Structure formats: structure tokens, C-alpha cells
Amino acid sequence: PYKISAKRIIRTLIPYLIWSVAFILAYRYYKNPLEVIERLVTFRTCDIYYYIAVYLQFVLLTPLIARLLNSKYSVIGFFISPIAIIGEYILIFIGKPLHFPWNGNLFFVWFTYYYLGLFFANKDFKLKLKFKFVALLYCISILIQYFEAFAWNLYGDFNMASTQIKLSSMFTSVIVCIMSVYFINLENFKYENSKIYKTLVSVGNASFGIYLSHILMMGILSKIPIYGQLFPPFRFALVFIVTYFCVVVGNKILGKNSKYFGLS
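Along each chain, residues carry numbers from 1 onward, in the same order as the chain's sequence is written. This being a predicted model, a pLDDT of at least 70 is required before a residue's local features are given, and a value of 80 or more before pairs of side-chain atoms are given or counted; all residues contribute to the totals for chains, interfaces and linings. Working from all heavy atoms in the structure, the side-chain values ignore hydrogens and water.

Some points on unusual backbone geometry
Link 1 in the chain: Phi is positive for Phe43, close to 60 degrees, though the residue is something other than glycine.
Link 2 in the chain: Any residue under 20% of the maximum accessible area for its type is buried, any over 50% is exposed, and the rest in between are partly exposed; the area is computed with a 1.4 Å probe on protein chains only. Residue Phe43 is classed as buried on the basis of its relative accessible area, which comes to 14%.

Listed below in C-alpha cells is the structure:
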């Protein structure tokens, strides 16, 4: 049975607090003590840290989510995020939008992804649709994303045009998850011994450290003149590679203590 993991909460909060201190010092939030407290409590010491709040909510809710998943009403779980996103659309249209961080740090809009992960882990999933049809759906979802982004931008809301909190973005992401599980479940797909698998495992092990530190790494690399001249995809790749390397090296140097920095 699923239980609330206090260990997981602690292993998330300690790295968050340590890296938050780094951001507080880097951006000099300490000049205003009230701002420091506000940013810590709302998980805004770094703009991307809102998802730590989301993750902690899921850790606390996992026992209830697991009961829903194993009940005869399990299908309800797949409607929570779409309903929440539609609700946000309505608030925007009536002129009362949820502003950052409240539009992103509540678990409702991210529920589908977590629920889908538990579903794949606990259910014997078999793709009944032909893979070519699913791939076609993926292509269609990309076109829908462009259309929705264009529509939001035309409406004057660039934030909604570019955010992942859109129905079209969720549609695409769910299809990618389904395609990934399909490949993993192929009988002739010997992924465990492949170099790609080992690389992905290594990146996965370093992912929390990359997430926590890559914004600071972007700030450091931006001081290098050539960095700003790089084409964006190459810039992102450079940040990823350098951050990944630093996380791996930091993990080796700190050993058991690396967990306090989220490096292991």
C-alpha cells in the first residue's frame, strides 16, 4: 500500500532550501527579509521551483490517489487536469486569471502526468491502437499546439501561448508517454543492455540536480560572450551538458552528502 513518504519529503526540502540560499545570494533577495520569506514559502526563490511544491503535494496525496486508481471510479483521475485547465481558461476570459505562481504550483493542472505514471506502474498496459495511428495523433497534437499558441498570442496572452499548462500541451505529452511505454513493452526491445538506456538512467539519476542548478548555470554561462551568440538549441544543449557534468562530478566528490544537494 502507498504511504506518505516522510523521507522523500525531507530529501526534497533540504536541497530546495540549500539551492534557495544560492539564489537568494545570487539575486540579492536578502536586502528585503520579507521577500526572502515570501519566496521561500511560495517556492519562488527560483521561478522553476514552483514544481517542488507540486511534487510535495503529490507525495502527500499519493495514498488517496492510489485508492482512486484502484477503485471502480479510476477513470475520474484522467479528467482532473483537463477540468482544472478549462477552469483556468474561463478565469482568463472573465478577466480574473490566476497569476504566477498560483497558476502553476497547485497540483490540479499537473495531475494527469502523475496519475498516468502510477497507472503505467500498476496496470498491465497494452496499446490496443496501432502505433502508426498513435504517431499520427502525435503529429496532429503538435499542429493543435501551434494553433492554440497562435490563438492565445492573438488574444494577447503570451504567457498562455508559451506555457505547458494548455490542453494541447497535455495532449501531446500524454501521447509521448504512451508511445514510450509501448516501446518499453516490446518483446524484442532489449533496452536494459543498450547504451541509450544506460545513458538515460544516468541522466535520470542526475535529473534532480540538473533541475535545481541549471538556471544558475545559465547565469554563469551567460557571462561568456560566445554563449549569447549560439543558436538557442545549441545554447540549451550546452547548459544541459555542462550542468549534467557538474552534477555527476559533484556527486562523486560529495559522496553520501550529495543527497543534501539533490545530486543523487
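Focus on the nonpolar core
Link 1 in the chain: Phe58, Ile65, Ile85, Trp110, Phe111 and Trp152 are the most contacted members of the largest nonpolar core, which has 24 residues in total.
Link 2 in the chain: By definition, any uninterrupted DSSP run of H or I lasting at least four residues is a helix, any uninterrupted run of E lasting at least two residues is a strand, and each is numbered from the N terminus. Listed by contribution, the elements that provide at least two residues to this core are α3 (50–69), α4 (80–93), α5 (111–122), α6 (131–155), α7 (158–162) and α8 (167–184).
Link 3 in the chain: Contacts were defined at the residue level, with two residues in contact if any of their heavy atoms lie within 4.5 Å. Not counting residues up to four positions away in its chain, the partners in contact with Phe111 are Phe58, Ile65, Gly77, Ile80 and Ser81.
Link 4 in the chain: Membership of the second largest hydrophobic core comes to 13 residues, among which are Trp19, Phe43, Cys46 and Ile52. In this description, a nonpolar core means a group of buried Ala, Val, Leu, Ile, Met, Phe, Trp, Tyr and Cys residues linked to one another through side-chain atoms lying within 4.5 Å.

Description of the pattern of salt bridges
Link 1 in the chain: A carboxyl oxygen of Asp or Glu within 4 Å of a side-chain nitrogen of Lys or Arg is what we treat as a salt bridge. Under the defined criterion, the tally for this structure stands at two salt bridges.
Link 2 in the chain: A salt bridge links Arg39 to Glu35; the shortest N-O distance between them is 2.9 Å. Taken together, the residues Arg39 and Glu35, both in helix α2 (residues 33–41) and four residues apart, mark about one turn of the helix.
Link 3 in the chain: Overall, the relative accessible area of 14% leaves Arg39 in the buried class.
Link 4 in the chain: In this structure, Arg44 and Glu38 form a salt bridge, with 2.9 Å as the shortest nitrogen-oxygen distance.
Link 5 in the chain: In this structure Arg44 comes out as buried when scored by relative accessible area, which is 16%.

What about the side chain of Asp157?
Link 1 in the chain: With respect to the helices and strands, Asp157 occurs in the loop between α6 and α7.
Link 2 in the chain: Buried charge Asp157 goes without a salt bridge, the closest partner of opposite sign being Lys166 at 10 Å.
Link 3 in the chain: In protein, a polar contact requires one atom able to donate a hydrogen and another able to accept it; more generally it is a pair of N or O atoms within 3.5 Å, and residues adjacent in sequence count only if both atoms are side-chain atoms. Polar side-chain contacts of Asp157 include one of 3.0 Å to the backbone nitrogen of Met160.
Link 4 in the chain: Setting aside residues up to four positions removed in sequence, Asp157 forms contacts with Ile92 and Trp152. Residues scored as charged are limited to Lys and Arg (positive) and Asp and Glu (negative), so that His and the chain ends carry no count.

Points about the environment of Pro82
Link 1 in the chain: Residue placement: Pro82 occurs in helix α4.
Link 2 in the chain: Taking the relative accessible area as the measure of exposure, Pro82 reaches 17% and is therefore buried.
Link 3 in the chain: Linking Pro82 and Ile10, residues 72 residues apart in sequence, is a C-alpha distance of 31 Å.
Link 4 in the chain: When sequence neighbours within four positions are dropped, the list of residues in contact with Pro82 reads Thr112, Leu167 and Met170.

Some thoughts on helix α1 (residues 6–26)
Link 1 in the chain: Here the expected length of a helix is defined as 1.5 Å per residue gap, with one fewer gap than residues. With 21 residues, α1 extends 30 Å between its outermost C-alpha atoms, agreeing within 8% with the 30 Å of an ideal straight helix rising 1.5 Å per residue.
Link 2 in the chain: Among the residues making up α1, those that are buried are Ile9, Thr12, Pro15, Tyr16, Trp19, Ser20, Phe23 and Ile24.
Link 3 in the chain: In this fold, the buried residues of α1 make contact with α2, α3 and α9 (195–221).
Link 4 in the chain: One or two residues past the end of α1 sits Arg28, with phi positive at roughly 55 degrees.

Observations concerning a positive patch on the surface
Link 1 in the chain: A patch is a set of surface residues, each over 30% in relative accessible area and not in a salt bridge, joined within 9 Å for like charges and within 5 Å for the nonpolar side chains Val, Leu, Ile, Met, Phe, Trp and Tyr. Under the convention used here, a 1.4 Å probe and the Shrake-Rupley method define accessible areas, while residue burial counts only the protein chains that appear. By convention, the point assigned to a charge is CZ for Arg, NZ for Lys, CD for Glu and CG for Asp. Among the surface-exposed residues, Lys7, Arg11, Lys256 and Lys259 lie close enough to one another that they form a single positively charged patch.
Link 2 in the chain: Within the secondary structure layout, Lys7 lies in helix α1.

Observations concerning the packing of aromatic side chains
Link 1 in the chain: In summary, the pairing rule links any two rings of Phe, Tyr or Trp, Trp by its six-membered ring, whose centres are within 6.5 Å, and it sorts them by plane angle into stacked for under 30 degrees, edge-to-face for over 60 and tilted for everything else. Throughout the structure, instances matching the rule amount to 25 aromatic pairs.
Link 2 in the chain: Consider the rings of Phe58 and Phe111, whose centres lie 6.2 Å apart with planes at 50 degrees: the pair is tilted. Placement of Phe58 in helix α3 and of Phe111 in helix α5 is noted, with a sequence separation of 53 residues between them.
Link 3 in the chain: Residue Phe111 is classed as buried on the basis of its relative accessible area of 4%.
Link 4 in the chain: Counting every residue linked through ring pairs, the aromatic cluster contains Phe58, Phe78, Phe107, Phe108, Phe111, Tyr114, Tyr115, Phe119 and Phe120.
Link 5 in the chain: A cation sits over an aromatic face here: Arg235 above Tyr227, 5.8 Å from the ring centre. Look at NZ for Lys and CZ for Arg. If either is within 6 Å of the ring centre and within 35 degrees of the ring normal, a charge sits over the ring.

Comments concerning a nonpolar patch on the surface
Link 1 in the chain: On the surface, Leu129, Phe133, Leu136, Ile140, Ile144 and Phe171 cluster together to form a nonpolar patch covering roughly 510 Å² of accessible area.
Link 2 in the chain: It is α6 that contributes the most residues to the nonpolar patch, four residues altogether.
Link 3 in the chain: Residue position: Leu136 is located in helix α6.

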